[in-house]
Amino acid sequence: MAIFVIFFRSIRARFTGWYLVVLAVLLLAMALGTYAYLRHALYANLDRALARQAQELSRRADLGVQLSESRYRAPLGEVVGVYLATEEGYTAIATRSIEDSIDVAWVERAAAGSPVYATASDESSGQPVRYYLSLYEPDAVPGSGNPPPSPRPGERQPQPLGPAQQMVHTEGPAVLVVGRPMDVISSSLGALGWTLVIAVPLTLLLSAGGGLFLVRRALHPVDRMIETARGIEETDLGKRVDVQSTDELGRLGETFNAMLDRLERAFRRQRQFTNDASHELRSPLSVIEAEATLALRRERPAEEYRASLETIAEEAGAMNQLVDGLLALARGDAGPEKMLIEPVDLAALTEEIVAAMTPLAQDTGLAIDAETVPCTVSGDRVRLRRLLVNLIENAIRYTDTGGAVAVSVERGSHEALIRVTDTGIGIAPEHHQSIFERFARVDTARSRGSSAPATSGSGLGLAICRQIVELHGGTLSVESVLGEGSTFTVRIPVSDAA
Ligand code: ADP
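The rules behind each value
- Residues numbered from 1 in each chain as written.
- Predicted model: local features only at pLDDT ≥ 70, side-chain atom pairs only at ≥ 80, totals over all residues.
- Heavy atoms only, no water.
- Helix = DSSP H or I, 4+ residues; strand = E, 2+ residues; numbered from the N terminus.
- Buried < 20%, exposed > 50% of the residue type's maximum accessible area, 1.4 Å probe, protein only.
- Contact = heavy atoms within 4.5 Å.
- Areas by Shrake-Rupley, 256 points an atom, 1.4 Å probe, with all protein chains shown as cover.
- Pairing = 2+ DSSP bridges.
- Axes fitted to C-alpha atoms, helices over the stretch in contact; angles between N-to-C directions.
- Polar contact = N/O pair within 3.5 Å; in protein donor to acceptor, adjacent residues only side chain to side chain.

**Considerations on the overall build of the chain**
Each helix and strand counted, the chain has 12 helices and 12 strands in total. For the chain, the proportion of its 498 residues judged to be buried stands at 38%. Of the contacts made within the chain by residues no fewer than 6 positions apart, 70% connect residues no fewer than 24 positions apart. In the structure as shown, the chain presents an accessible area of about 28600 Å², 57% of it carried by carbon and sulfur atoms.

**A look at the sheet that holds strand E5 (residues 174–181)**
Strands sit in the order E2-E1-E5-E4-E3 across an open sheet of 5 strands; the sheet is antiparallel. Two strands in the sheet have a free side with no partner beyond their single neighbour: strand E2 (89–94) and strand E3 (116–121). Recorded for the sheet is a direction-independent mean angle of 30 degrees between the axes of neighbouring strands. The sheet contact formed by strand E1 (residues 79–86) and E5 spans 5 bridges and is antiparallel.

**Considerations on the sheet that holds strand E11 (residues 475–481)**
One open sheet holds the 5 strands; their spatial order is E7-E9-E10-E12-E11, and the pairing between them is mixed. At either margin of the open sheet sits one strand with a lone partner, and together these are strand E7 (367–372) and E11. Strand-to-strand twist across the sheet, computed as the mean angle between neighbouring axes with direction ignored, equals 10 degrees. In the packing of helix H10 (residues 346–363) onto the sheet, contacts are made with E7, strand E9 (404–411) and strand E10 (415–422), and the angle to E7 comes to roughly 175 degrees.

**Regarding the pairing of E3**
The alternating pattern of E3 places Val116, Ala118 and Ala120 on a buried face, while none of Tyr117, Thr119 and Ser121, on the opposite face, is buried. Examined bridge by bridge, E3 and strand E4 (residues 128–136) share 6 bridges and lie antiparallel to one another. From the neighbouring strand, Tyr117 faces E4, where its bridge partner is Tyr132. The turn joining E3 and E4, which pair antiparallel and follow one another in sequence, is formed by 6 residues; a positive phi near 75 degrees is taken by Gly126.

**With respect to the side chain of Ser486**
By the secondary structure assignment, Ser486 is in strand E12 (residues 485–493). With relative accessibility at 6%, the residue Ser486 sits in the buried group. Polar contacts involving the side chain of Ser486 include one to the side chain of Ser480, which spans 2.9 Å. Not counting residues up to four positions away in its chain, the partners in contact with Ser486 are Val420, Thr421, Asp422, Gly426, Ile427, Glu479 and Ser480.

Structure below.
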């Protein structure tokens, strides 16, 4: 039962079902059409043959005499007769008894000049017979093959008496009756009907089988995709669908594979990130543990305790910074929903931050200055502050004493541009992309070493910067020449409302 339910829920069954419904309607229409057309054509043929025969017979002046003397031989099964008007009504002289089968009203209508086609069952055999009744007036068309001129409707013309009428006392025109049994037509139609009754369901049955086979073949790649998808574990995203065609299903397979590629990269990044984070946290923790254990091993002078506590505080600070960075990234990964968007004057913000960081720059022997034009964007003030602080901190950290750091805010047609330029150590071209990765660090030996802040080097700063810029719909890029300096450029779209 369950298998049936699953089957009828499948595309395969629905597709075949609809296909069969459409085919059944078409086949039925075709069968009924064929049957109706053939039936009509056979009857029309029979009627034409009867009219032709009547026309030929009505030229025979001796038909009445032949019939009354039973000398006329009708072809097998056919009926030929003549109705004569007598004082008592119409009397038939025919090859076989027809008076019970034929309605007098038909005879009267034919006598009035309108030929009549009618179907009635034969008295002796009970078989249906098709009759044709028309005026019998051989003298009106002597020798000519033309049918007599038919009287206008309602008009009853005086008819000349022919030999048939002359045999008996007649009161009006004679009527010729020709009839043919319809059993040939009925049996042909019956045979056709049976053929259709068997052929239509059989065709449907074969089509259902063929349809199912074709759909199954066409959907085979989908089954393979399902199997592959089932076999994919969180820990093993290496499996791919085998794409063999370029059709819609092939493209679906390619899209599926591309999605798996992206997922695999994301998972790998995630794993790498977790590894790096643990690793980064482990070093300061080990230092703290070692320092504390060493200090506690025996009684020490106060200065030694102080030195140990300073080391511990320094490492705790580094950890704090790292955890803070991780939290910032995690919050940013949650998307822009958590952002507190407000109009932020970038010029004022930059001036403020540069002013606050000038002492740090001067301490390390660097010149720092800001050049801004008024420019307001819609953004998260706290995050934009963090972006600027990170970039300026890096510029100070990676620039040698005597160098300079310049921060500028410009306004483009649709965007705000913030540039942080330094004359520092620069970044090799091969690192221009990787420095934005989480925990990415270029060889730290090249930083200013002794004068670098103790908390430097978490490797999260630029990743956080790029995330903040992207959350604002902008871009962050770097231009740098090794040994000459770097320029980090932030582009943030300016909305009209801002
Ligand atoms: P870190 O905490 O190591 O500074 P960041 O993500 O801020 O981490 O920077 C990643 C790397 O990019 C740094 O290790 C450094 O090598 C390089 N870098 C960043 N800013 C600069 C700069 N202004 N000049 C030269 N190198 C830089």
